[in-house]
Every structure is written in structure tokens, then in C-alpha cells.
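Residue-level structure breakdown
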Amino acid sequence: MIKVVLIGTGKVAKHLFKAFYISKQIELVQVIGRSKTSLLPFKELVDTSTNYENIKDADIYIIAISDTAINPVSEHLKTNKKFVVHTSGSTPMKSISSAHRKGVFYPLQTFSSGREIDLSEVPFCLETEYKEDYRLLQKLAHA
Ligand SMILES: NC(=O)c1ccc[n+]([C@@H]2O[C@H](COP(=O)([O-])OP(=O)(O)OC[C@H]3O[C@@H](n4cnc5c(N)ncnc54)[C@H](OP(=O)(O)O)[C@@H]3O)[C@@H](O)[C@H]2O)c1
């Protein structure tokens, strides 16, 4: 099982959540959001938190939030040398704090609220600092 913490509660986070939740190869351990209201759709199904310092242990931390917030939020994560990826196609991997092992998990798809997307049809663009992390991200995309 690949243990995942999802950071963000917007369009991309919601679509990833749905796919991760039904996958037998992924254990979604927590969703982190900045407000209790935006965490409501996830609350019944998984552990949630508004506190970046109260983050659970996972194999991959996915930051699916607005591009400009990726760097500050990655700086807040208390996960020394953990594998942290963002989902942006227009933000460099190096925008993630160097306290982490960095990566990109970018779904090549436009997401909008209320429109169903079959993620098994969506190509993912992957980038990592380390080969071992690339293999893990590939496994996640296939799962
Ligand atoms: N939408 C697409 O079609 C698409 C496709 C591929 C990749 N992406 C990428 O995926 C990422 C998320 O996009 P999205 O479409 O899901 O965005 P979105 O629906 O606009 O949601 C933005 C999320 O970021 C959070 N956020 C914004 N500013 C923040 C801050 N300062 N601190 C903490 N959280 C903050 C929001 O929290 P609140 O709910 O509390 O405001 C919300 O959870 C972006 O990097 C985007 O480039 C988007």
C-alpha cells in the first residue's frame, strides 16, 4: 500500500481523493486543508486537519493547492526529508522546500467542479529528484 497525505481541498484534490479512496493500492491517511469548512466533504471518510504541524506519516505528501501557495506551505510541513510533490504544470519542482525530497505529480487535464473525470484516462507528468521516488510516483499514477 502506498500511504498518501493530500494537502489541499480544491478541484484537483477532490478528483485525486475520489480515485485514491477507491484504489486498493493506496492508503489515504489524511487530508490537510486551511479551513474546517473546506475539509467538510472529506471529514466522514478520512482523518482531516487544519494544522500543518499535525501531519501523519506517509510515503508521499501531495500538495494540490494554488501555485503561489506551494512554496510557503511546503516550508511549513514538518516532514524532514519526506517525499513531497506538487500537482502544478507551471511551477518548478524546486519551489518545494529543500527540507524535503521533491517531485511533481501533474495531471494533464483540466478539472472543474462538478464535472466527472475518469482519472484512468488522464496522463500524468512526473518529475523527481531521486530515481527511487520516480518509481514510487509511477506506481501511484498507475494505482
Ligand atoms: N484545475 C485544473 O484544471 C488543474 C489541472 C492540473 C493541475 N492543476 C494544479 O493543481 C493545483 C491545485 O489547483 P486547483 O484547480 O485544485 O485549485 P483550486 O480548486 O482553486 O483550489 C485551491 C486550493 O488551494 C488552497 N489554497 C489557496 N491558497 C492557499 C494558501 N495560501 N495556503 C493554503 N492553501 C491555499 C485552497 O484552500 P481554500 O479552499 O481554503 O481556499 C484550495 O484548497 C495547482 O497547482 C494547479 O496549477 C490544476
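Let me begin by describing the structure that accompanies this report. (Residues numbered from 1 in each chain as written. Predicted model: local features only at pLDDT ≥ 70, side-chain atom pairs only at ≥ 80, totals over all residues. Heavy atoms only, no water.)

**Some words on the site of the ligand**
Quick note on the threshold: If even one non-hydrogen atom of a residue comes within 4 Å of a molecule or strand, that residue is called near it. We define a polar contact as two N or O atoms separated by no more than 3.5 Å, with the added condition that, inside protein, one atom must be a possible hydrogen donor and the other a possible acceptor, whereas residues neighbouring each other in sequence contribute only through side-chain atom pairs. Computed by Shrake-Rupley with a 1.4 Å probe, the accessible areas treat only the displayed protein chains as cover when residues are assessed. Numbered from the N terminus, helices here are DSSP runs of H or I no shorter than four residues, and strands are runs of E no shorter than two. Amino acid classes used here: Ala, Val, Leu, Ile, Met, Phe, Trp, Tyr, Cys and Pro are nonpolar; Asp, Glu, Lys and Arg are charged; the rest, including Gly, are polar.
Neighbouring residues of the ligand: 21 residues in total, closest K11, V12, D67, T87 and F111. Within the contact set of the ligand, an oxygen atom lies 2.8 Å away from a backbone nitrogen or oxygen of V12. Between T87 and the ligand, the recorded distance is 2.9 Å, taken from a side-chain N or O atom to an oxygen atom. Protein contact buries 73% of the 900 Å² of open area that the ligand shows by itself. Secondary-structure elements contributing two or more residues to the shell around the ligand are α1 (11–22), α3 (67–76) and β6 (101–107). The leading source of residues in the shell around the ligand is α3, at three residues. Taken together, the residues of the shell around the ligand break down into nine nonpolar, nine polar and three charged.

**Some remarks on the nonpolar core**
Operational definition: Residue types Ala, Val, Leu, Ile, Met, Phe, Trp, Tyr and Cys, when buried and joined through side-chain atoms within 4.5 Å, form a set referred to as a nonpolar core. A 1.4 Å probe rolled over the protein chains alone gives each residue an accessible area, and that area as a share of the maximum for its type sets the label: buried under 20%, exposed over 50%, partly exposed in between.
Core analysis: the biggest nonpolar cluster contains 28 residues, and F20, I60, I62, F105 and L140 have the highest contact counts within it. Of all the elements in the fold, those that place two or more residues in this core are β1 (2–7), α1, β2 (26–32), α2 (36–43), β4 (60–63), β5 (83–86), β7 (124–128) and α4 (131–142). No other element matches the four residues that α1 contributes to this core. Counting residues in each nonpolar core, the second largest holds 14 residues, with V29, A58, V73 and V84 among its members.

**Thoughts on a nonpolar patch on the surface**
As a reminder of what qualifies: Here, patches come from residues exposed beyond 30% relative accessible area and free of salt bridges, joined within 9 Å for like charges and within 5 Å for nonpolar side chains (Val, Leu, Ile, Met, Phe, Trp, Tyr). Within this document, salt bridges are pairs made up of a side-chain nitrogen of Lys or Arg and a carboxyl oxygen of Asp or Glu, the two lying within 4 Å of each other.
A grouping of Y21, I22 and L45 is seen on the molecular surface, where their side chains present a nonpolar patch of about 330 Å² in accessible area. Residue position: L45 is located in the loop between α2 and β3 (48–49). Residue L45 is classed as partly exposed on the basis of its relative accessible area, which comes to 42%.

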